[in-house]
Structures are given as structure tokens and as C-alpha cells.
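As a plain string of letters, each chain reads:
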Amino acid sequence: MAEPRLGLALRFQCRFLAARPLRSLPWTELEQSLRTAPDPALLADILDKTILHPLCVKYPPSAKYRRCFLTELIKKLESTAVEPLDELYKALADVLKEEEESAHCYKNYLLPTGDCVSLSESTALISRGTTGLVTWKAALLLAQWAMQNPSLFRDRTILELGSGIGFTGIAICKTCQPRTFIFSDCHPHVLRQLEENIRLNGFIPEPDVSWSIQTESQGQEVEGEKCQNPKVIVAELDWGSVTEKQLLDLSADVVIAADVVYDPEIILALIGMLQKLSTSRADRKAPEVFIASTIRNPDTYQLFQAELDKVGIRWQMIPAHSSCNFLYDVQPDVTILQLFI
């Protein structure tokens, strides 16, 4: 799908603030624009919308990312007839003076609705023995799909499995008006980072969460205020040991997950929990289940589908856009399955 014809500076902004791979930024288009019309105003505009943007100042991407970004901008300037831009060199000097690289950085995801999700993430793909401290591609696509289907989430209780650091759930809370959103994970470091990010985005998790977290009686909300600020819960959920009674207390209408089908060793635990979910509502109506996956290893993904078939869980592929329209560089190796448990 072709990129929308946004201004060049805005396309830089969207990808830079989310610290998307530098190769995905529209460098070629920038260089062509500078050669056609060598005006430093374009570079100044890009600088204002990236490095100098209030979100970057408050929640900056890693120093290494900002340094490489500014270095590339300067290369484009110096390869054309554009007049030198002092602010560009000053910005690079400021980044070079920063202290040693931190193990954490921020990423700011600008949503199509005008909302923003700001996250503290690990700078390493694997940190503290887990992959759950970064945002993965399937989480981005699942959030986009949710924003395109808000009625599925509005005024309902949502359980997210393997929430990681929270991107998908926070995006849904900001845009889809759920009644209750239950973030869940099992790794203690992930849970701590997850709660920090939830608070960073203006939501306060319910204190002293127990498994008895039935949602409030329907029909008691003030008209016009329903679900404007969903109840948010962070639950420690181990797929192998969770009981049907615990899942019943969660009372989920919809269950979602992103990038949880990546290791054959956890597939059986995931499917076992899905089987428990099939009887996890007092009205015996099974929740709707949607799982987004990045297909890194086709054999692992086919194993998941085969194990679903083996236990009688039907599934179907959900049509989704081949790219994430607010980040542009998410490739079509991400799929969403709807499971009928």
C-alpha cells in the first residue's frame, strides 16, 4: 500500500519518534528534495519535528539512535548545495556530550487518532532473560487492526496475554474505549516495566489486584461518560499454572495476544490455557480470541496451527493491511488469527 502523501517532515517525525530503523526513513526523497530546491528550511523543519520536538526532549530515543540520525541528516546537507544549518551541528554536539548510553530508551508512537503512546523500552532485544522489554512488530499491527475495529473492544472486558511493555493495550485503552483492560505477563521485570509504561500514559492500574476482579455492574455509568477512562489491571498470569477458576474471575469478553507464538516450548502451555478459557465465563459464552504473530519460523507457526487442530480449536485468518499505516515499515510477515474456542 502506498504511503499517504504526508509532508516529508511529518513522515520523518512519525518514524523518528518511534525510533524505527533508520533505513526506513525517507532519506532518498529528502536528498531529491534538497537537490531540487536546496533550502535549509526543510532540514530545519525536520529538526523541529524530531530532535527538538517536545516528545523527544521529554522522552528521548537512545543517544546512539539520535546521534546516527543527526549524522545522516548532516550527510544529506553536505552532499547538496544547501547552506549550512548551525542548529543541526549544535544538536549533534549536544547529543555527543550526553552521558554513557543507558540500558533503556523511550519510543513515542503517534497514532492515527492523534493520540500518542510513549514507552520506556530496553535498548537490547533480549534483556534480563526475556524478550518482553521491547515492542515487537505484531503488537504494532494488532493495535492498528484494533483501531480499525473499535466496536469489538468498546464497553467490553479485554484480556491481553503476554502484554510485554504494553504498546497494544495502551493504544486500545486510548482509542477503543474498553470497559476494563487486563494486561498480563509472567516475568517480574516485564510486569514492573509494564506498570511504569501504563502510568507514563496517564492510566492508574487498580491497586492490590487479586483474581476476583469482576467488572462493575453494567448500566451504572453516567450517560456520555461510559468507558472514557477504562479500568486498568495488571495481572501476573502464568499460562502453565493458571486455573479455570482464576480465568473465570477475569471474565474476559475478548482475548488478544501479539508475538506469543515464537517458541515451540510455550505453544502447548498457550493452547492449554486457551482450552481453559473456553469455559472461563459465567454465562458459558467463550471469549473472542485474536492472536497476531510475526512469522519468523514457518515451522513453528505451522506447529501452532497443527496443535490448535489437534485439540479442536478452529481458526481463521483475519484480513489485515500489509503495512502499518502509522509506521510504514512493518512488513507483511505479520498475520492475525481468530480462534474459536
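Described below are features of the structure shown in this document. (Residues numbered from 1 in each chain as written. Predicted model: local features only at pLDDT ≥ 70, side-chain atom pairs only at ≥ 80, totals over all residues. Heavy atoms only, no water.)

1. Comments concerning the overall build of the protein chain
Alright, step 1. For the protein chain, the helix and strand inventory stands at 12 helices and 9 strands.
Alright, step 2. Every one of the 341 residues in the protein chain was classed for burial, and the buried ones make up 51%.
Alright, step 3. Put simply, of all contacts in the protein chain between residues at least 6 apart along the chain, 74% involve residues at least 24 apart.
Alright, step 4. Carbon together with sulfur atoms contributes 50% to the accessible area of the protein chain, which is approximately 16000 Å² in total. (Helix = DSSP H or I, 4+ residues; strand = E, 2+ residues; numbered from the N terminus. Buried < 20%, exposed > 50% of the residue type's maximum accessible area, 1.4 Å probe, protein only. Contact = heavy atoms within 4.5 Å. Areas by Shrake-Rupley, 256 points an atom, 1.4 Å probe, with all protein chains shown as cover.)

2. Side note on the side chain of S293
Alright, step 1. Position of S293 relative to the elements: it lies in strand β7 (residues 288-294).
Alright, step 2. When residues no more than four places from it in sequence are discounted, the contact partners of S293 are A138, D259, V261, Y301, D333, V334 and T335.

3. Concerning the pairing of strand β4 (residues 180-185)
Alright, step 1. Counting buried residues in β4 gives 6 out of 6 residues, a clear majority hidden from the surface.
Alright, step 2. Residues of β4 alternate between two faces, with T180, I182 and S184 on one and F181, F183 and D185 on the opposite face, all of them buried.
Alright, step 3. In this structure, strand β3 (residues 157-161) lies alongside β4, joined through 4 bridges in parallel fashion. Residue T157 lies in a different strand from β4, and its bridge partner there is T180.
Alright, step 4. In this fold, β3 hands off to helix α8 (residues 167-175), which returns the chain to β4; that crossover is right-handed.
Alright, step 5. Pairing between β4 and strand β5 (residues 231-236): 6 bridges, direction parallel. Among the inter-strand pairings, T180 is bridged to a residue of β5, identified as K231. (Pairing = 2+ DSSP bridges. Right-handed = clockwise from strand over helix to strand, strands pointing away.)

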